[in-house]
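So you can see what is in the structure, the chains are spelled out below.
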Amino acid sequence: MSATRSPKVSERVAPKAADPQPQKKKRDDDDGPDFATLVRAWIESHRASLLDSLRRLGKQPIGSFFTCMVMAVALSLPMGLSLLLNNVERLGGSWQRAAQISLYLELNASPEQGESLREQIKGMPGVADAEYVGRDQALEEFQQQSGLGEALKELPENPLPGVVLVTPNEVDKPTLEALRQKLSELPKVQQAQLDLVWVERLAAILKLGDRFVFGLTVLLVSALLLVIGNTIRLHIENRRTEIEVIKLVGGTDSYVRRPFLYMGALYGFGAGILSWGVLAFGLNWLNDAVVGLAGLYGSNFALAGVPVADGLSLLLGAVLLGYIGAWIAVARHLRELAPK
C-alpha cells in the first residue's frame, strides 16, 4: 500500500515546491501606483472637495449670499475710491490747460509775427499745443469776462498785447519752469507767466487721496480676513466630529483642509463678482450727475466704467483673500482638533 500511495504524496508535495516562484513574481510587480494613477487620484480628490464645498454652500444660499455681499461691500469701497481718483487723473488735459504758459508779446508785434512764433513754439519738445490770441481778440474776451465793455470802448487804443498760450506735454514743476525760461528768451516775447499754485494743490489732494485709499484698503482687507476666517470657523465647528473621525483613521491635514480652502475661494469668487457688479452700477448711476455738472462748464467729461483689467484684478484679489482667510482659520483649528 505504501508503494501505491507514494506517487500521490509526491504529487501533493510538488505543487508546494513550486509556490515560491509566483510569490517572488508578485513581489517584483508590487512597485506601487504609477504617476498617471497618482495624478488621477489627486484630481479626483480636488474635484470631490470642490463639489462638496459647492454642495454645502448651496444648502445655505441666503447665508452664503449675505456673506459674499458683506465681502463685496468691503471690496467695493477702496476699489471705488481708486477708480474715482483715476477718473480725476483723466482730467490731465484740463491740468495742462490750467498749467499753460502765457507768453505776452510786445505791443508792436504784428499778428503775422505772433502766428510765426506760434508755429515755432508748437514744434518745440515738451510742447503739446500752442495757440495765438491776437490783441483784438484778447480785448473782446476781456470785455465779455470783466463786464466793463462800455468803459473799455472809451479807451483811445487797445492796451492788451497779443498772447501765445503754450500747453505743455506734462505737468511737472521743474520741467515747466525750464520750458518757461526757454520760451521767455524767444524774440518778441515780453513776459512768460506760469501759474502752478492750484495744480500743485490738486496734486497734493490726489496724493492724500491715494494714501487714504491705501490705508482704507489695509483696514478693509484685515476686516475681510476676519469675516472669512470667522465664517470658515463656523463651518469647522459644524463638522468637528467628522474631522476628528477622519484624523483618527489617518486622514492628513491637507485632506481635512482642502474643502475649507475651496470654500474660502468660492466665497471670495462670489464677493468679487458682486463687487464688480456694484462698482459698475454705482459708476453708471453717478455718471449721469457728473455729465450734467461737466456740461455746465462746457466739458464733455464722463466717468469711465470699470476696466476689464481692474475687474479681473479685483476678482483675483477676492479669491486670494478668501483662500488666505480660510487657510489661517483652518490652520488654527486643526491644532485644536488633533486626536488625543
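Residues numbered from 1 in each chain as written. Predicted model: local features only at pLDDT ≥ 70, side-chain atom pairs only at ≥ 80, totals over all residues. Heavy atoms only, no water.

### Concerning the nonpolar core
We apply this condition: Nonpolar core, defined: a set of buried Ala, Val, Leu, Ile, Met, Phe, Trp, Tyr and Cys residues in which side-chain atoms within 4.5 Å join the residues together. Any residue under 20% of the maximum accessible area for its type is buried, any over 50% is exposed, and the rest in between are partly exposed; the area is computed with a 1.4 Å probe on protein chains only. In this description a helix means any DSSP run of H or I spanning at least four residues, a strand means any run of E spanning at least two, and both kinds are numbered starting from the N terminus. The contact definition used throughout considers only heavy atoms, calling two residues in contact when any of these lie within 4.5 Å.
L75, I232 and Y267 are the most contacted members of the largest nonpolar core, which totals 32 residues. Here the element with the most residues in this core is helix α12 (residues 253-296); it accounts for nine residues. Non-local contacts of L75, meaning those with residues more than four positions away in its chain, are made with L224, A271, G272, S275, L314, A318 and L321. Formed by 22 residues, the second largest nonpolar core is a distinct cluster that contains M124, L179, L183 and L196.

### A few points about the packing of helix α4 (residues 61-89) against α12
Quick note on the threshold: Under this scheme, a helix contributes an axis fitted over its contacting stretch, all axes are lines through C-alpha atoms, and angles between N-to-C directions fall in the 0 to 180 degree range. Note on terminology: angles under 35 degrees are roughly parallel, angles over 145 are roughly antiparallel, angles of 65 to 115 are roughly perpendicular, and the others are oblique. Left-handed is the label given to a crossing in which the near helix is rotated counterclockwise from the far helix by less than a right angle, and right-handed is the label when the rotation is clockwise.
Running from amino to carboxyl end, α4 crosses α12 at an angle of 50 degrees, the nearest separation of the two axes being 7 Å. Judged by the angle between their axes, α4 and α12 are oblique. Crossing handedness for the pair α4 and α12: right-handed.

### Points about the packing of aromatic side chains
The test is simple: Here the aromatic set is Phe, Tyr and Trp, taking the six-membered ring for Trp, and pairing holds for ring centres within 6.5 Å; pairs whose planes are under 30 degrees apart are stacked, those over 60 apart are edge-to-face, and all others are tilted. A ring is considered to have a charge above it if a Lys NZ or an Arg CZ atom is located within 6 Å of its centre and within 35 degrees of its normal.
This structure, assessed with the given rule, holds two aromatic pairs. Above the plane of the ring of W327 lies R257, whose end atom (NZ or CZ) is 4.5 Å from the centre.

### As for a nonpolar patch on the surface
Stated precisely, the cut-off is as follows: Each patch is assembled from residues with relative accessible area greater than 30% and no salt bridge, linking like charges that lie within 9 Å and nonpolar side chains (Val, Leu, Ile, Met, Phe, Trp, Tyr) that lie within 5 Å. Every accessible area reported is derived by Shrake-Rupley at a probe size of 1.4 Å, with residue values counting cover from the shown protein chains alone. Salt bridge, as used here, is a side-chain nitrogen of Lys or Arg placed within 4 Å of a carboxyl oxygen of Asp or Glu.
Residues L316, L320, Y323, I324, W327 and I328 make up a contiguous nonpolar surface patch of roughly 580 Å² in combined accessible area. Mapped onto the elements, L320 comes out in helix α13 (residues 308-336).

### Concerning the pattern of salt bridges
Per the counting criterion, the structure on display carries 11 salt bridges. Close ionic contact of R239 with D52 constitutes a salt bridge, the shortest N to O distance being 3.6 Å. With R239 in the loop between α10 (197-238) and α11 (240-248) and D52 in helix α3 (residues 35-59), this residue pair connects regions lying 187 residues apart in the sequence. Across the pair E177 and R180 runs a salt bridge whose closest N-O atoms are separated by 3.0 Å. Of the two residues, E177 and R180 are both situated in helix α9 (residues 173-184); the distance of three residues between them amounts to about one turn of the helix. Put simply, D52, R55, R56, R239 and E242 are held in one network by salt bridges that share partners.

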